[in-house]
Number of protein chains: 2
Amino acid sequence: MMNQETCIVVFSGGQDSTTCLFWAMKKFKEVIAVTFNYGQRHALEIECATAICKAHGIEHHILDMSLLSQLHPNALTHHALAVEAGGKGALPTTFVPARNLLFMSFAGAVAYNKGAKHLVTGVSEADFSGYPDCRDTFMKAMNVALNLSMDQAFVIHTPLMWKDKADVWALSDQLGKLDEIKEKTLTCYEGIIGDGCGTCLSCELRKKGYEAYMKSVNKS
Amino acid sequence: MMNQETCIVVFSGGQDSTTCLFWAMKKFKEVIAVTFNYGQRHALEIECATAICKAHGIEHHILDMSLLSQLHPNALTHHALAVEAGGKGALPTTFVPARNLLFMSFAGAVAYNKGAKHLVTGVSEADFSGYPDCRDTFMKAMNVALNLSMDQAFVIHTPLMWKDKADVWALSDQLGKLDEIKEKTLTCYEGIIGDGCGTCLSCELRKKGYEAYMKSVNKS
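Here's a quick rundown of the structure. (Residues numbered from 1 in each chain as written. Chains lettered and ligands numbered in written order. Predicted model: local features only at pLDDT ≥ 70, side-chain atom pairs only at ≥ 80, totals over all residues. Heavy atoms only, no water.)

### Description of the relation of the copies chain A and chain B
Relative to chain B, chain A is turned by 180° and slid 0.0 Å along the rotation axis, the superposed coordinates differing by an RMSD of 0.0 Å. Expressed as a symmetry operation, the mapping of one chain copy onto the other fits a two-fold axis. In this assembly, 98% of the residues forming the interface of chain A have copies in chain B that are likewise at the interface, indicating an isologous arrangement. (Least-squares fit on C-alpha atoms with pLDDT ≥ 70 in both. Contact = heavy atoms within 4.5 Å.)

Written out as structure tokens, the structure is:
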């Protein structure tokens, strides 16, 4: 019997998953954060994730997913008998097929072991970037496959599914966490926490969303 | 566009998956075997798998899945910030939830990278041992989740789904591979290739099935 009040949050330390973490903390009694470590680029993200969990007393598990590099086409075209896990080189995440399938499978296994009924992920269709495994229909199929694989009734929550960046800022404000998320999370490709470098694609999206939300607040 | 004639076989080197490998070789032009390495106990199994692929000129990839040990309840109850991958100790496979969910996700990612439309796994409901992720209904849900995660039309084949051990021997005989499978595959818990120790649970099941099939052949 899974605990109705326990929730696993797939948590990267970025804006979206941090908003999800605070959302889950409002909704569930016990929240456990799971972070996937799959490359050098993410070392700072993981530091952010760790700091946020520490500040809020959240149980935090970091799972080593360096094996994802085994799935890189380059690794598989060697035709070698044994494909060794890479690890050092930053893996272009866009080259990892089925990433959310794997993340949700692992998060589901953690939920099973922890007796948690609920799972939360910050995927969104709104700023849809071509990833099929961020779509609502995939997450629903994932939920069914997960439940059948372990004979359980897990519930996958996707609170950001239909939200664009401005909506996500609005949610973080409703949760009373707008400033904390603005200052403590990492989205910037250059690895600068908070407002970031201000010029990379990721910073631009984040800033644009923030300004759109602020504009809507000042109007009303 | 995925290649209609290319097939990924989840291949452990045991009786069931070896039968599936030969089945796939009859059915598809190109067969690629994927073996998951997740513990010491399986070292010999992997040697068997490698030898069989070598003998038949099958492209073979061994993926390191030692990370599965991170999902063991013991690893997660430490409440440590970082959960290190185990590796050395043999992991009781019965303690790994969602194992086939993870295996099929990885096999699916390999299929994507290889441009293969087909996947084969040797799971069976007939000698149902309490694993929900061996059931037909799970594999069908898995197929849908896999396809939606990558926007593809993969087909998961489960040629042994309704076969007991005697039926599996019958299939290997139809494929002209009964002797090879009897001699070259490993099922025995004691790690003895072919007929094995003859006394462990796994040997007993294999032997019983073999005798049942031989009896039915001699009758007809």
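### Describing the interface of chain A and chain B
Taken residue by residue, the interface counts 45 residues in chain A and 44 residues in chain B. Summed over both partners, the interface of chain A with chain B buries about 3,900 Å², with 70% contributed by carbon and sulfur atoms. In this structure, the connection of chain A to chain B is made through two salt bridges. In this structure, Asp-151 of chain A and Arg-135 of chain B form a salt bridge, with 3.4 Å as the shortest nitrogen-oxygen distance. Where chain A touches chain B, the interface holds four residue pairs in polar contact (both at pLDDT 80 or more). Contributing elements (two or more residues each) for the side of chain A that touches chain B: β3 (59-64), α3 (73-76), β4 (82-83), α4 (99-114) and α5 (136-150) of chain A. Counting residues per element, the side of chain A that touches chain B draws most heavily on α5 of chain A, which supplies ten residues. Among the residues making up the side of chain A that touches chain B, the classes are represented as 28 nonpolar, eleven polar and six charged. (Buried area = accessible area lost by both parts, 1.4 Å probe. Salt bridge = Lys/Arg side-chain N within 4 Å of Asp/Glu carboxyl O. Polar contact = N/O pair within 3.5 Å; in protein donor to acceptor, adjacent residues only side chain to side chain. Helix = DSSP H or I, 4+ residues; strand = E, 2+ residues; numbered from the N terminus. Nonpolar A, V, L, I, M, F, W, Y, C, P; charged D, E, K, R; others polar.)

### A look at helix α2 (residues 43-56) of chain A
Residues and elements named next belong to chain A. Taking 1.5 Å of rise per residue, 14 residues should cover 20 Å, and α2 covers 20 Å from first to last C-alpha, within 8% of that figure. Taken as a whole, α2 has its buried residues at Glu-45, Ile-46, Cys-48, Ala-49, Thr-50, Ile-52 and Cys-53. Looking at the packing, one finds that the buried side of α2 touches α1 (15-27), β2 (30-37), β3 and α7 (178-184). At the exit of α2 stands Gly-57, carrying a positive phi of roughly 65°. (Expected span 1.5 Å × (residues − 1). Buried < 20%, exposed > 50% of the residue type's maximum accessible area, 1.4 Å probe, protein only.)

### Considerations on the nonpolar core
Membership of the largest hydrophobic core comes to 74 residues, with the highest contact counts inside it found for Met-65 of chain A together with Met-65 of chain B. When near neighbours in sequence (up to four residues on either side) are disregarded, Met-65 of chain A contacts Phe-36, Asn-37, Tyr-38, Leu-102, Phe-103 and Phe-106 of chain A together with Leu-67 of chain B. (Core = buried A, V, L, I, M, F, W, Y, C linked by side-chain atoms within 4.5 Å.)

### Some points on the pairing of strand β1 (residues 3-10) of chain B
Residues and elements named next belong to chain B. When β1 meets strand β5 (residues 116-120), the two strands line up parallel, connected through four bridges. Bridge pairing links Ile-8 to Leu-119 in β5. Two strands pair when backbone bridges link them, and β1 and strand β2 (residues 30-37) are joined in this way by five bridges, in the parallel orientation. Bridged to Thr-6 within β2 is Glu-30. Regarding the hand of the β-α-β motif, the stretch spanning β1, helix α1 (residues 15-27) and β2 is right-handed. (Pairing = 2+ DSSP bridges. Right-handed = clockwise from strand over helix to strand, strands pointing away.)

### Comments concerning the packing of aromatic side chains
Across all of its chains, the model carries eight aromatic pairs over all chains by this definition. Ring geometry for Phe-36 of chain B versus Phe-106 of chain B: centroids 6.5 Å apart, planes at 70°, classification edge-to-face. Within this pair, whereas Phe-36 of chain B is found in strand β2, its partner Phe-106 of chain B is found in helix α4 (residues 99-114), the two being separated by 70 residues in sequence. Side by side, Phe-36 of chain B and Phe-106 of chain B carry an identical accessibility label, which is buried. Judged by centre distance (5.1 Å) and plane angle (80°), the ring pair of Trp-169 of chain B and Tyr-210 of chain B falls under edge-to-face. Here the residue Trp-169 of chain B occupies a position in helix α6 (residues 165-174), and Tyr-210 of chain B occupies one in helix α8 (residues 201-219), the gap between them amounting to 41 residues. Residue Trp-169 of chain B is classed as buried on the basis of its relative accessible area, which comes to 1%. Overall, the relative accessible area of 18% leaves Tyr-210 of chain B in the buried class. Among the aromatic residues, ring-to-ring pairing joins Phe-36, Phe-103 and Phe-106 of chain A into one connected group. (Phe/Tyr/Trp six-rings, centres within 6.5 Å; stacked < 30°, edge-to-face > 60°.)

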